[in-house]
Structures are given as structure tokens and as C-alpha cells.
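Architecture and fold: a report
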Amino acid sequence: MQKMWTGRTSGELNEFANDFNSSIGFDKKMYKQDICGSIAHATMLASQKIISDDDRDKIIAGLSGILADIECGKLLISDDAEDIHMFVEAILTQRIGDTGKKLHTARSRNDQVALDLRMYLRDENAKIKNLLLKLIQTINSRAAENTDVIIPGYTHLQRAQPILFAHHLLAYAQMFKRDYLRLTDALDRMNYSPLGSCALAGTTYNTNRQMVADLLKFKGVTENSIDSVADRDFCVELLSCYAIIMMHLSRFSEEIILWTSSEFSYIQLDDAFTTGSSIMPQKKNSDMAELIRGKTGRVYGDLMGMLTVLKGLPLAYNKDMQEDKEGVFDGVKTVQDCLQVFTPMLDSMKVFKDNMLQSCKKGFINATDLADYLTKKGLPFREAYKLVGSIVSNCVTQQKTLENITIEEYKKMNDLFDNDLYDEIELFNCVNKRNSEGGTSKEQVIKQIEKIAEFIDNEKSLY
Ligand code: ARG
């Protein structure tokens, strides 16, 4: 295909350099945004009398035809073109003749690509937000089903204090809620149209940038033409959001992997989300969760790649910036894929509440409550802590639990102990006493569920 920029040079590229220079292999994803951006641009050009209404109609009809033909598979995007912008313009000119050559008036590929990428990411991130909302909703309903299920809460992966399983799940709902809001913020910040900034300095034509921004549903226009074509902060911000989402997914995945092991046996994943081993017949592996944990690394890589491409780049556009797309596209796809697998996996997992309760009984997770009991009866906390520590240590050697030490034995150790201690260290009581705001009591957990439900309803009403 003859280069459109033939003129200053022969346009005859070395074959390898030609492929090396080309981005169509990956930027063809943005065909729709490119065409919609061009339709808005042509509409503005005509309204500003830069092109005639007749030319506008021809251009728009041509572009609409190209879009329809790509969508139905009639027109294949060939890898011969340098990029998607050149491809669309070349086909347009092939189809409508010289009028097609007027489309690029008062525009450059530099502002065009900045526009297309923002629009593409805006569309794809709306999908990510939707997937995040579904995940939060799933967590919330799994939590609502499990407000009477106790598990050991861990610190240092050692059993610490009893908590509701719902409470543990809801911790993730909070993380994904922040991820959702972070994405909303980032999308808000990038929702300004750069079109009309042209190569870098603006244009001599009497354009109307606001009109293009309105047609394409941007909040407004970018304020500095140089920044507009050189800025890829929005890619960095989005990739940071993706890296954080993946970090959260990887923590949740890790717990799911642990919980499915025979050592924990807290949950079972549905067969649809597990795989077998080619040699060990007994295996049921949590491959999906492991893959999500693994893919977190590649999204961190996408973020580092993007930051490094931009590091030290002089203003304004440099071809280095063509390297923005593959990383950010990979981040988008990876996050979408991971969310699409994770949510139904969580939705269908079986919870073994008896096993959860059994491990609560083994880990002295009510020791804090026993120390608090003594403290409330007047013993300074440090002394109570020490005494309970030695009681636990004796229990370990004698293979006892705090519940099955007799009151006589307790009294020998300290006469503040009385029969009411057993109530105090009963596991459900331990949970429900932790009724501070955000705590693990059933009352607090139900409040958390209600707040998340409110958040979801509110966000849904905005769509
Ligand atoms: N394919 C290019 C990119 O992705 C489009 C912009 C080209 N601009 C230029 N001045 N060569 O960045």
C-alpha cells in the first residue's frame, strides 16, 4: 500500500522496517472509535464551513459503510496498512474518491490516536466497572448466606480470633469497591477530548473542539494542545488501577487455593472451575485461581512497561508512544478475563461450615476473650495476658482446650475465675461481643452487607 505521507521521502520503506513501524496488528481494535471520531470531526468541519455539507454527507456515508462492513466481516482489516487511522482513510478514499482526502483537514494522527485510545479505553473500562460491580454483588450475597458461619481469623497465618466467614469475604468487597471508585476517578480525569490539538500546536482553521467533544460524549476539551498529544497519563493511571485489582484478586485467589487444600478443607470449588492431573487421579486443582494469581505478574509488567516507555520522553509526540497500546490492551483483557472467571467461581463454591468451626475449636482463638474476662474482673491486662498464655501452653502439652478445663482447675490458677467464664469464651459469643463499628459481630456484619448493597444499587442507578 502506498504511504500517504509520501512526499518529503520516497515512502519506500525497507521491508523489515515497514513491519517494524506498523501498528495495525494491534491498533485495529480501535476501528470503531477511529470511525466514530472521524464522523464527529467531519460533522464539525462542515458546521464550521471548512468542508461543504455535501462532502460531509459523502464522508459520513463512506465511514458508516466501512464500519458496517468491518462489523459484518465483509471488509477485513489488512495488515498492509501502517495503522488503523491510515487504513480507514485509505479505504474511504478508495470508496468515495477525492472527497475522502478532505477528512484529515485540521487534524493529525497525533491527536487522532490520542482520541481513539481514550475512547477505546472508556468503552472497555465501562465493561470492567460492570464486572467489578458483579463481583462485589456476588461477594455480598455469599456473605449474606454465611452470617452464622465462623472461621478462625488469622494474623501471620496463625489462628488469631474467631470471625464470621461473611466478615472475611466482605473485606474483599471493600477492596473491590475502592478499585471500582478508583477506576471511576481515573475515567473521569481522562474524559476530555484531545481532538483539534493536531500535530502539537493547534490549527489555523476555525475549528470547534467543543462540538466534537459533545458529539463524542466527552466532559470537555483538553486545555493544552502539546499536553494533549503527549499525554499518556491515563494509560498509566488505568494500568495502576488494573495492577491493584489484580493484587486484590491474587490475594483472594491465594486464600481460595489454601482453603481448598485438604489441610484446610474450608471450601470446594465447582468442577467447572478446577482441573485434574494427567497422572494423579485424586487431584482437583484450583487452576483458575492459580492463573489469576500468576497473571497478576503480567499486569504489573504492563504498568512498568508503560511507565518506562514514557520516562524521559521529550515533548510532544514521539513514536515511542506507539508502544503504549499493547501493554494497556493486555491489561484490559487480562483484568476482564480474570474477573469473568473469578466471579462465577466464587458464586458456585461450596462452603464447609463444619470444617471451619472445627478449626476454630483447635486454635485457642478465644484466648483473648479469656484474658479480657479476667481484666474485666480487675486483673491488669498484662497479668491476665501472661496467665492465659501459660494456661494455653499447659493445654498444648496436655492436649486440652480452654473449654474443657474444669472450673476447679481454673480456680486453682486464679480465684477471679468463675462459671460465667465458659459463656465468655463460647465462640459465637466471642464473635458477637465484637460489636464495634466494622467489627465481626453479626449485627455489624449485616450493617456492612446493607451498605454494600446500597452502594451497588446507587451505582446501578447511574447507568
Ligand atoms: N500508530 C501511531 C501510534 O500509535 C499513530 C500516530 C502516528 N503519528 C506520527 N506522527 N507518526 O502512535
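Structure: see above.
Counting its secondary structure elements, the chain contains 19 helices and six strands. On the principal axes, the C-alpha backbone points of the chain span a range of 100 × 50 × 40 Å. The contacts in the chain between residues at least 6 apart in sequence include a share of 76% that link residues at least 24 apart. If you sum the accessible surface of the chain, you get close to 22500 Å²; carbon and sulfur atoms cover 52% of it. Across the chain, the centroid of the 56 positively charged side chains sits 1 Å from that of the 66 negatively charged ones.

A few words now on the site of the ligand. The immediate surroundings of the ligand are formed by Ser23, Asp27, Asp83, His85, Arg109, Asn110, Val113, Tyr317, Gln322 and Lys325. In the model, a nitrogen atom of the ligand is placed 3.1 Å from a nitrogen or oxygen of the Ser23 side chain. A total of three residues in the shell around the ligand trace back to one element, the largest contributor, which is helix α6 (residues 109-145). For the shell around the ligand, the class distribution of residues is two nonpolar, four polar and four charged.

On to the packing of aromatic side chains. All chains considered together, the criterion is met by twelve aromatic pairs. Centre to centre, the rings of Phe16 and Phe20 are 6.4 Å apart; their planes meet at 20°, and the pair counts as stacked. Taken together, the residues span about one helical turn, with Phe16 and Phe20 both in helix α1 (residues 15-21) at a distance of four residues. With a relative accessible area of 64%, Phe16 lands in the exposed category. With a centroid separation of 5.6 Å and 85° between ring planes, the pair formed by Tyr180 and Phe455 is classed as edge-to-face. A residue pair is termed long-range when its members are at least 10 positions apart, and Tyr180 in helix α7 (residues 165-190) and Phe455 in helix α19 (residues 442-462) qualify at 275 residues. Of the two residues, Tyr180 and Phe455, neither departs from the other in class, the shared state being buried. Taken together, the ring pairs in this structure connect Tyr373, Tyr410, Phe417 and Tyr422 into an aromatic cluster. In this structure, Arg122 packs its charged tip against the face of Phe218, placed 4.3 Å from the ring centre. A cation over a ring is seen here: Lys177 above Phe455, with NZ or CZ 5.2 Å from the ring centre.

This part covers a nonpolar patch on the surface. On the surface, a cluster of nonpolar side chains totalling about 280 Å² of accessible area is made up of Leu200, Ile226 and Leu315. Its place among the elements puts Leu200 in the loop between β3 (192-193) and α8 (209-215). A relative accessible area of 39% places Leu200 in the partly exposed class.

Its 37 residues give α6 an end-to-end C-alpha distance of 54 Å, which sits within 8% of 54 Å, the value for a rise of 1.5 Å per residue. Of all 37 residues that make up α6, 27 are buried, and the element is covered over most of its length. Of the residues flanking the start of α6, the one acting as N-cap is Ser108, its side-chain oxygen 2.8 Å from the backbone nitrogen of Asn110.

What follows is about helix α11 (residues 287-310). Helix length check: α11 (24 residues) gives 35 Å between terminal C-alpha atoms against 34 Å at 1.5 Å per residue, within 8%. For α11, the full list of buried residues reads Ala289, Ile292, Thr296, Val299, Asp302, Leu303, Met306 and Val309. In this structure, the buried residues of α11 make contact with α10 (233-260) and α12 (324-348).

What follows deals with the environment of Asn366. Inspection of the secondary structure puts Asn366 in the loop between α13 (353-362) and α14 (367-376). Residues Asn366 and Glu424, 58 residues apart in the sequence, show an inter-C-alpha distance of 8.8 Å. Excluding residues that lie within four positions of it along the chain, Asn366 makes contacts with Leu402, Glu403, Ile425, Leu427 and Cys430. From its side chain, Asn366 meets the backbone oxygen of Ile425 in a polar contact 2.8 Å long.

Another aspect to go through is the pairing of strand β2 (residues 158-164). By the bridge criterion, six bridges tie strand β1 (residues 150-155) to β2 in an arrangement that is antiparallel. Following the sheet pairing, Pro152 is matched in β2 by Pro162.

Once that is clear, we can look at the pattern of salt bridges. Throughout the structure, instances matching the rule amount to 30 salt bridges. With a closest N to O distance of 3.0 Å, Asp231 and Arg118 form a salt bridge. Of the two residues, Asp231 sits in the loop between α9 (225-230) and α10 while Arg118 sits in helix α6, which places them 113 residues apart along the sequence. Note on Arg118: relative accessible area 3%, which makes it buried. For Lys433, the salt bridge goes to Glu424, with nearest N and O atoms at 3.2 Å. Each of Glu82, Asp83, Arg109 and Lys319 takes part in salt bridges that share partners, so that together they form one network.

Attention now moves to the packing of α11 against α12. The geometry of α11 relative to α12 is characterised by a closest axis approach of 9 Å and an angle of 160° between their N-to-C directions. The orientation of α11 relative to α12 falls into the category roughly antiparallel. When the axes of α11 and α12 are compared, the crossing they make is left-handed. Facing α11, whose interface residues are Met288, Ala289, Ile292, Lys295, Arg298, Val299, Asp302 and Met306, α12 presents Asp324, Gly327, Asp330, Gly331, Thr334, Cys338, Val341, Phe342 and Met345. A per-class count over the contact of α11 with α12 returns nine nonpolar, three polar and five charged.

So, how was this worked out
Residues numbered from 1 in each chain as written. Predicted model: local features only at pLDDT ≥ 70, side-chain atom pairs only at ≥ 80, totals over all residues. Heavy atoms only, no water. Helix = DSSP H or I, 4+ residues; strand = E, 2+ residues; numbered from the N terminus. Contact = heavy atoms within 4.5 Å. Areas by Shrake-Rupley, 256 points an atom, 1.4 Å probe, with all protein chains shown as cover. Lys, Arg positive; Asp, Glu negative; His and termini not counted. Charge placed at Lys NZ, Arg CZ, Asp CG, Glu CD. Near = heavy atom within 4 Å. Polar contact = N/O pair within 3.5 Å; in protein donor to acceptor, adjacent residues only side chain to side chain. Nonpolar A, V, L, I, M, F, W, Y, C, P; charged D, E, K, R; others polar. Phe/Tyr/Trp six-rings, centres within 6.5 Å; stacked < 30°, edge-to-face > 60°. Buried < 20%, exposed > 50% of the residue type's maximum accessible area, 1.4 Å probe, protein only. Lys NZ or Arg CZ within 6 Å of the ring centre and 35° of its normal. Patch = residues over 30% accessible without salt bridge, like charges linked within 9 Å, V, L, I, M, F, W, Y side chains within 5 Å. Salt bridge = Lys/Arg side-chain N within 4 Å of Asp/Glu carboxyl O. Expected span 1.5 Å × (residues − 1). Pairing = 2+ DSSP bridges. Axes fitted to C-alpha atoms, helices over the stretch in contact; angles between N-to-C directions. Parallel < 35°, antiparallel > 145°, perpendicular 65-115°, else oblique. Left-handed = near helix turned anticlockwise from the far one by under 90°.

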